Amino acid sequence: MTAAAGSRGARGYAAAGAVAIAAYFAAGGHAGLQAAIYQAVDVGAVVAVLAGVRRNRPRDPRPWLLFAGALALWTAGDTYWNVYVWFLGSTAPFPSPADIAYLAGYPLLALGVLALMRGWGRPRLRDLLDGAVISVAAAIVIWVALVGPLARGTLSSYATTVSVAEPVADVALLLAFTQLVLRGRAASVALRLVTASVAFQLVADFVYGYLNFRGAYANGMPLDAGWLAAYVLWGVAALHPSMGRIQTLPARVDELSRRRIAVLALSLGAPPAVLVVQATLSTPTDALEIAVATLAELALVGARVLLVVRERERIRVSLADSERRFREQLEIAKHAQLELGEQNEQLHEVDRMKDDLIALVSHELRTPLTSIIGYLELITTGEAGELTESQRSMLGIVERNARRLIRVVSDLLLVAQAQSGHLTLVEEELELGDLVEECVAGVRPAATARDIELGLVTTGVTSIVGDRQRLAQVVDNLLSNAVKFTPERGSVSVSVSDSGGRVVLEVADTGIGIPPSEQKQLFTRFFRTAAATAGAVQGTGLGLSIVKAIVDAHGGEISVASRVSRGSTFRVALPAAANVAGRELVSAA
Ligand code: ADP
């Protein structure tokens, strides 16, 4: 059966119950008919609860069987009462076996409510205390309104016992009820219906007790609606599909809600309020009972306050603990940060030492290399005697390699200088266009040898302030790379122009290009693209890092745009001479 069909059943039963209650009051004056309707609602409730257990199969059916038992006992009591109405034309005497049946129902109901809550874990002390505060308030009111007068009255001791037992049973049920309300912040419809049903029962019982004590109760009073509603609601609760999986919401940490405080305050006010009412009505005051109740309330509230203080202390301790742990973690983090800083410093130191070493080695290599080249020149020019053709050719190879070596050594030295911030420039005002033209002329033989078209376009004024030799190095590097990485019959286009206070040099080729992932690293030392390494293209990977260092030292910028297999364009922008007027020229010592 689907949940929808199940809830339809519960709704149908609720509607039938409402009709029955309406019919009960419509039949006012026909005692027999009223008794019959009452009887039908009674029996209907027992049957509905049992049917609900069969249909919804709760994991633990025992609470519901206890409810059915209580309802059956009350039905028995009502039947006894109805028999008098139907067959003897009067109401049953008081007390009668019906009252015993009624009384026997209460423990079953209270037990059922408690059993329903068993699955929710141990009852919490704060709920028990709050329940007790409310119950003591109810007890003092009941005592003063019902039990006290009865005890002092003229009833037989049997009648007195029964009359006293009923309110006492109600107080027991109230205790169970408060636990239900305080703990079961009901998440399911069935649980809310159970709660409502017990509430109807309790209110009707209290009112009945009061009226009965004054001899003012008669069949068919509006009060009966309370009991009838309670019966119907038991049936609806049992038939509702949510009955099979009654749940409660997890309790919030702060259980002392405003509503709870209000109910507790009201309960605390009950004993003095009773005293005030008695004094106003000039009836004898139950000073002793009220004082005892007040003391009981005080003790309970004291215990409750103690509980709150303990809870607060627990929270404070756990808060302090969290704070301590947080501080510890913070200390560890600070320590780690410090260590990291130190390691960083050490790494920098190592880096500096490496640069120093490179500078030292390069410097030491350059001097003997210069001397080697000098002597080679002397030998090849015949200063040391005539050379055979084969000797001359071999010495040519030696000289070319020595020159390559000295270039690498110079590059290394320059990189080390730039890295340590010791790159010095010998600045002068110069025409970048002219400089580039000379460089293009220098690289032309290599381009022609590989059938590469080489073009230069210069536009506008291109004067800048800079180090001629270093800038020539920049242009040479870019040009030789462009030629080196462009296949035969490609082209290299060079342009120099002025653009918004800057002089811009662009070297564009139709070469192999550089993938985007490698473009960011181009200007780092010793970096070479995978294509350059794989193609065994000669080079050290120092050129572009030197280019960047020199451009930076001139206050310029370098960038690259490239597409694989389509070509690359390197763009260098330097401040125009007009913009450098105030700059201090650094001269090499
Ligand atoms: P080297 O040319 O000595 O290898 P560079 O620093 O001048 O060192 O260049 C670094 C790398 O950048 C080169 O190895 C090459 O992979 C890549 N590269 C530079 N210029 C170009 C270019 N015009 N086309 C394609 N790749 C280039």
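Residues numbered from 1 in each chain as written. Predicted model: local features only at pLDDT ≥ 70, side-chain atom pairs only at ≥ 80, totals over all residues. Heavy atoms only, no water.

Let us look at the layout of surface pockets. Of the pockets and cavities examined, the largest pocket occupies roughly 1600 Å³. If you go around the largest pocket, you meet 49 residues; those closest to its centre are D411, N477, S480, K484 and G543. Mapped by element, the contributors of at least two residues to the lining of the largest pocket are helix 11 (389-419), helix 12 (432-449), helix 13 (468-484), helix 16 (543-553) and strand 7 (567-575). What lines the second largest pocket is a set of 32 residues, among which D99, Y102, E166, Y208 and W227 lie closest to the centre. The set of elements that each furnish at least two residues to the lining of the second largest pocket consists of helix 2 (31-56), helix 3 (62-88), helix 4 (97-117), helix 5 (125-152), helix 6 (157-183), helix 7 (189-213) and helix 8 (224-239). Among the elements that line the lining of the second largest pocket, the one with the most residues is helix 7, at seven residues. Residues belonging to the lining of the second largest pocket are distributed by class as follows: 19 nonpolar, seven polar and six charged. (1 Å grid on protein atoms, 1.4 Å probe; cavity = no way out; pocket = protein on both sides within 12 Å on 5 of 7 lines; lining within 4 Å. Points joined across faces, edges and corners; volume = space filled by probe spheres on them. Helix = DSSP H or I, 4+ residues; strand = E, 2+ residues; numbered from the N terminus. Nonpolar A, V, L, I, M, F, W, Y, C, P; charged D, E, K, R; others polar.)

As a further point, take the nonpolar core. The biggest cluster of nonpolar side chains holds 65 residues, and the ones touching the most others in it are W64, L71 and W234. Looking at this core, the elements that each hand over two or more residues are helix 1 (3-26), helix 2, helix 3, helix 4, helix 6, helix 7 and helix 8. The element contributing the most residues to this core is helix 8, with 11 residues. Beyond its immediate sequence surroundings of up to four residues, W64 is in contact with V49, V53, P58, L116, V194, A237, A238, M243 and I246. Formed by 45 residues, the second largest nonpolar core is a distinct cluster that contains V440, V547, V551 and F570. (Core = buried A, V, L, I, M, F, W, Y, C linked by side-chain atoms within 4.5 Å. Buried < 20%, exposed > 50% of the residue type's maximum accessible area, 1.4 Å probe, protein only. Contact = heavy atoms within 4.5 Å.)

The next subject is unusual backbone geometry. Residue R57 is not a glycine yet carries a positive backbone phi of 40°. Relative to the elements of secondary structure, R57 occurs in the loop between helix 2 and helix 3. Here R57 falls in the exposed class, since its relative accessible area comes to 65%. Here the phi dihedral of R489 falls at roughly 65°; this positive angle occurs in a residue that is not glycine.

Here we come to the confidence of the model for the protein chain. When pLDDT is averaged along the protein chain, the result is 87, and 93% of the positions lie at 70 or above. Taken as a whole, residues 585-589 scores under 50 in pLDDT and shows nine contacts with residues more than four places along the chain or in a different chain. (pLDDT = per-residue confidence, 0-100.)

As enumerated under the stated definition, the model contains 11 aromatic pairs in all. Seen in terms of ring centroids, W64 and F67 are 5.4 Å apart; in terms of plane orientation they differ by 90°. Their pairing is edge-to-face. Residue W64 and its partner F67 are both found in helix 3; the two are separated by three residues, about one turn of the helix. Exposure class is identical for W64 and F67. Each is buried. Measuring from centroid to centroid gives 4.4 Å for F67 and W234, while their planes differ by 40°, and the two rings are tilted. Taken together, the residues span a long stretch of sequence, with F67 in helix 3 and W234 in helix 8 at a distance of 167 residues. The pair F67 / W234 is uniform in exposure class, with both members buried. An aromatic cluster is defined as three or more aromatic residues linked by ring pairs; in this entry it consists of Y24, F25, Y38 and Y231. (Phe/Tyr/Trp six-rings, centres within 6.5 Å; stacked < 30°, edge-to-face > 60°.)

Because side chains alternate across strand 6 (residues 557-563), one face comprises the buried residues I558, V560 and S562, and the other comprises E557, S559, A561 and R563, none of which is buried. Bridge count between strand 6 and strand 7: seven bridges; the pairing is antiparallel. By the bridge assignment, S562 is partnered in strand 7 with S568. (Pairing = 2+ DSSP bridges.)

Position of Q39 relative to the elements: it lies in helix 2. Setting aside residues no more than four positions away along its own chain, Q39 makes contact with T75, D78, T79, N82 and W86.

Closest axis-to-axis distance for the helix 12/helix 13 pair is 9 Å, and the angle between their directions is 35°. Crossing hand, helix 12 versus helix 13: right-handed. Of helix 13, the residues touching helix 12 (which contributes L435, V436, C439, V440, V443, A446 and A447) are R468, L471, A472, V475, D476, L479, S480 and V483. In terms of residue class, the contact of helix 12 with helix 13 is made up of 12 nonpolar, one polar and two charged. (Axes fitted to C-alpha atoms, helices over the stretch in contact; angles between N-to-C directions. Left-handed = near helix turned anticlockwise from the far one by under 90°.)

Quick look at the site of the ligand now. In the vicinity of the ligand there are 20 residues, among which N481, D509, R528, T529 and L544 approach most closely. One of the side-chain N or O atoms of N481 is found 2.8 Å from an oxygen atom in the ligand. One of the side-chain nitrogen or oxygen atoms of R528 is found 2.8 Å away from an oxygen atom of the ligand. Burial of the ligand by the surrounding chains reaches 98%, relative to a free accessible area of 530 Å². Because more than half of its atoms lie within 2 Å of the grid, the ligand is assigned to the largest pocket. Elements that contribute at least two residues to the shell around the ligand include exactly helix 13, helix 16 and strand 7. For the shell around the ligand, the class distribution of residues is 10 nonpolar, seven polar and three charged. (Near = heavy atom within 4 Å. Polar contact = N/O pair within 3.5 Å; in protein donor to acceptor, adjacent residues only side chain to side chain. Areas by Shrake-Rupley, 256 points an atom, 1.4 Å probe, with all protein chains shown as cover. Sits in = over half its atoms within 2 Å of the grid points.)

Let us look at the packing of helix 10 (residues 287-380) against helix 11. The N-to-C vectors of helix 10 and helix 11 enclose an angle of 155°; their axes lie 8 Å apart at closest approach. Here helix 10 is positioned roughly antiparallel relative to helix 11, judged by the angle of their axes. For the pair helix 10 and helix 11, the sense of crossing is left-handed. Looking at the contact of helix 10 with helix 11, its residues break down into 16 nonpolar, six polar and seven charged. (Parallel < 35°, antiparallel > 145°, perpendicular 65-115°, else oblique.)

What follows deals with the pattern of salt bridges. Overall, the coordinates contain 19 salt bridges when judged by the stated rule. Across the salt bridge formed by E323 and R327, the nearest N and O atoms sit 3.2 Å from each other. You can see E323 and its partner R327 sitting in helix 10, four residues apart, about one turn around the helix. Classification of E323 by relative accessible area gives partly exposed; the value is 43%. Salt bridges here are not isolated pairs; linked through shared partners, they connect D321, R324, R325 and E328. (Salt bridge = Lys/Arg side-chain N within 4 Å of Asp/Glu carboxyl O.)

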